[in-house]
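Descriptive analysis of the structure
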Amino acid sequence: MALEKDLDKMVEEGVISFETSRSIRNWYEQQQPSDNRRLTLLFGVLGVLLVVSGIMLVLAHNWDSFPLTVKTVWAFLPLVVGQVGVGYVLLKKRDKEWWREISATWLALSIGGCIALISQIYHLPGELPDFLLTWLLLGAALIYLLPSQVVAVLFLAGSVWYATEAGYGYNSSLYAGYYFWGLLLWVLPFYRSLWVKKKDGFFARLFHFGFPAALLIGLGMHIGNSGYGWMWIAYASLLSIFYMLGTFIKSHSDHKISNGYYYSGMLGSLLLLFIGSFVDFRKELLREKSLLIIDGGQLALVLAIILSLLALSGFIYLFGVKKFTPFKPLAFSFVLFAAMIWMAHLSNGSAAIPANLYILGLGVWVLVEGSRQKSFFRINAGLGLIAILAICRFFDTELSFVLRGLIFITVGIGFALANYQMIQKKKTHA
Amino acid sequence: MLKKLLIPGIFLLLVAAQWAIPLDMIRSSNLILTEGKPFRFKCAPIDPNDPFRGKYITLSFEAEQYLMDSALAPQPGETVWLRMTTDSAGYAKIASLTENKPENLGDYMETEVSTYLMEGDSSLVFFTFPFERFYLEETKAPKAEALYQENLQGQNATSYALIYLLNGEARIQEVYLDGKPLSELLKNP
């Protein structure tokens, strides 16, 4: 293209700076329909994923007829191609998004491939978490060096994979949690820049869902043998933080679906409350003798305190300082949950009562709000909460079948009546 | 000027690191095989229900357990160092166990405790040796698995893996069935 050559020449002769030429190119790229650019990138990345995986599988056949050296050279080949590609893009095509993403994705994948093949060829021992960590560390710099959004997303996904392999299960490693937080801290500035520059972009949206998920999984890595009860409080607080953050962003952004914090906070908080509404939850908690041991050196306690304080500050800021309306009762669930755990610890009475009353109240509140706003979705969501609560109680209460049956019939009639009334209201307004 | 060199500089460092790790894996592996002390680990039958997992055979060893005083037994998941010696037939066996890394790693091997069984005052501790996989060409692996299993079922089973130990690390070199290398058996059945 004439423009490309002219721009290169202008940079060479010092007419314009490299940064200016990059801005001009970016401007031209922006002029293309964004769907086209996105599709080209998507298919490019998919192509690279398939080709690199394909090459690795062919090499993984472990060709017996080749001597060791030949097999080793083959294992390094995709890596070398990736390195040469990234080197070329860094020198010549740094302003082209497509080239940056494709070359970086190729190199990022081939690092893992090379290590896996060398392990196979030389019969090297090793566990999956260690392999994943090495792979992530060797590819981490690519996120910022090019920079590459695809590698950042792969890095986040890889970190979560590492967390689930290393931090959970029978032989989970004590240090894995700390490595995982290090990995998340590394990718955090990149997420921040995505949030600032392209907060509704495709990759930013993946991060808006992936990052809260990663934090939730990461927190679970610190569930130790003692102080089990504190982790419930830590989780409830983190979910409340997500919910409030999501509520706040939601009021500032048009892309509601991109709001992973809001949905994970809402669904997670509800899930915890439903778990807490079972009578057996208290038994489960008390099975651990050291439910609420107060020990300064215990990580679960420290996490619970920090997250509770953060949630409380968020709550005061959102509804006290900013006077956010309408009030969101779910944002307060972390306090309720903490109180329930405390009750379970202290008394013999049922700590499940507050959770049941709270969910019932929440259901009614959502129902009333929905009716006021004439929203079918909210009315049914409110009724849905009450219905789920009724189903849960079906399993663990001593209520007679007659009474349970009557409750179900009442909720069912409630569903039908509320929807019928709403349809009538809409008709009269139409 | 400095800014211009920064990105290529970081990239070159990255390339170097991406080469260094796999090359070091090869170097340490070769070092153990050339300078390490060889041990013959007698193979034991594996659970026949354990499904064949792709392109390697899963090995199990007779020396993978050790009877010791319950009070001293390590916990599952713990890293321990085993001092290896040979029995009268020339096969590897565990001479002692320590939970602290020995200063002189001589004939020691680093491994992980998988589980243990209490037998009165004693505990039978089981390990997961770091050389339980022997990779083969994918089309030959099922056949190798069958040969290996068949050999272990026999009356005079003499299958063993040749393992080299150096500085606490172990590398598998070959699996032998009736004194013949598995890779040879697969070439000339």
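Values in this document were obtained by computation on a predicted structure and should not be read as measured data.

Okay, unusual backbone geometry next. Between A:Leu146 and the following residue, A:Pro147, the backbone shows a cis peptide bond with an omega angle of -15 degrees. Turning to its location among the elements, A:Pro147 is positioned in the loop between α7 (142-145) and α8 (149-166). Positive phi values are uncommon outside glycine, yet A:Lys374 reaches one of about 55 degrees. One can find A:Lys374 in the loop between α16 (352-373) and α17 (376-396). The exposure class of A:Lys374 is partly exposed, given its relative accessible area of 31%. A positive phi angle, near 50 degrees, is found at B:Asn167, a position not held by glycine. On the secondary structure map, B:Asn167 appears in the loop between β9 (160-166) and β10 (169-177).

This part takes up the pattern of salt bridges. Residues and elements named next belong to chain B. The tally for this structure, following the rule as stated, stands at four salt bridges over all chains. With a closest N to O distance of 3.1 Å, Arg27 and Asp24 form a salt bridge. Of the two residues, Arg27 and Asp24 are both situated in helix α1 (residues 2-35); the distance of three residues between them amounts to about one turn of the helix. Linking Asp107 and Lys37 is a salt bridge whose minimum nitrogen-to-oxygen distance equals 3.1 Å. Remark: Lys37 occurs in strand β1 (residues 37-42) and Asp107 occurs in the loop between β5 (92-98) and β6 (108-119); sequence separation between them is 70 residues.

Looking now at the packing of aromatic side chains. All names here are of chain A. Following the criterion strictly, the structure yields 26 aromatic pairs over all chains and no others. Note on Phe131 and Trp135: the rings are 5.6 Å apart at their centroids and 45 degrees apart in plane angle, and the pair reads as tilted. Of the two residues, Phe131 and Trp135 both sit in helix α6 (residues 128-139), four residues apart, roughly one turn of that helix. With a centroid separation of 5.0 Å and 40 degrees between ring planes, the pair formed by Tyr191 and Phe211 is classed as tilted. Of the two residues, Tyr191 is situated in helix α9 (residues 176-198) and Phe211 in helix α10 (residues 202-220); the sequence distance between them amounts to 20 residues. Residue classification places Tyr191 among the buried positions, given a relative accessible area of 3%.

Attention now goes to the side chain of B:Thr111. Residue and element names in this part refer to chain B. Residue placement: Thr111 occurs in strand β6. Among the polar contacts listed, one links the side chain of Thr111 to the backbone oxygen of Thr128, at a separation of 2.9 Å. Non-local contacts of Thr111, meaning those with residues more than four positions away in its chain, are made with Glu78, Thr79, Val80, Leu82, Phe127, Thr128, Phe129 and Pro130.

Residue and element names in this part refer to chain B. One can read the domain layout of chain B as domain 1 (1-35) and domain 2 (38-187). The gap between the C-alpha centroids of domain 1 and domain 2 is 33 Å. Roughly 600 Å² of surface becomes buried between domain 1 and domain 2 when both sides are summed, with 73% attributable to carbon and sulfur atoms. Looking only at domain 1, the three residues that lose the most surface to domain 2 are Ile32, Leu33 and Glu35, adding up to 79% of its buried area. Taken together, domain 1 and domain 2 are joined by zero salt bridges. For the pair domain 1 and domain 2, the number of links is zero residue pairs in polar contact (both at pLDDT 80 or more). The residue inventory of the side of domain 1 that touches domain 2, partitioned by class, reads three nonpolar, two polar and one charged.

Before going further, it helps to examine the nonpolar core. Residue and element names in this part refer to chain A. Membership of the largest hydrophobic core comes to 115 residues, with the highest contact counts inside it found for Ile118 and Phe337. A per-element tally of this core places helix α11 (residues 228-250) first, with 14 residues. Those residues in contact with Phe337 that lie beyond four places of it in its chain are Trp232, Ala236, Leu272, Leu273, Gly276 and Phe281.

Attention shifts here to the interface of chain A and chain B. Listed per partner, the contact involves 33 residues of chain A and 32 residues of chain B. Three residues, A:His61, A:His123 and A:Leu138, lead the burial of chain A against chain B; their summed loss comes to 22% of the area buried on that side. For the pair chain A and chain B, the interface holds zero salt bridges. Across the chain A-chain B interface, the total number found is four residue pairs in polar contact (both at pLDDT 80 or more). Going through the elements one at a time, α4 (68-92), α5 (97-121), α6 and α7 of chain A are the ones with two or more residues in the side of chain A that touches chain B. No other element matches α4(A), which puts eight residues into the side of chain A that touches chain B. Broken down by class, the residue content of the side of chain A that touches chain B amounts to 20 nonpolar, 11 polar and two charged.

Procedures and definitions
Residues numbered from 1 in each chain as written. Chains lettered and ligands numbered in written order. Predicted model: local features only at pLDDT ≥ 70, side-chain atom pairs only at ≥ 80, totals over all residues. Heavy atoms only, no water. Helix = DSSP H or I, 4+ residues; strand = E, 2+ residues; numbered from the N terminus. Buried < 20%, exposed > 50% of the residue type's maximum accessible area, 1.4 Å probe, protein only. Salt bridge = Lys/Arg side-chain N within 4 Å of Asp/Glu carboxyl O. Phe/Tyr/Trp six-rings, centres within 6.5 Å; stacked < 30°, edge-to-face > 60°. Polar contact = N/O pair within 3.5 Å; in protein donor to acceptor, adjacent residues only side chain to side chain. Contact = heavy atoms within 4.5 Å. Domains from an automatic or database assignment. Buried area = accessible area lost by both parts, 1.4 Å probe. Nonpolar A, V, L, I, M, F, W, Y, C, P; charged D, E, K, R; others polar. Core = buried A, V, L, I, M, F, W, Y, C linked by side-chain atoms within 4.5 Å.

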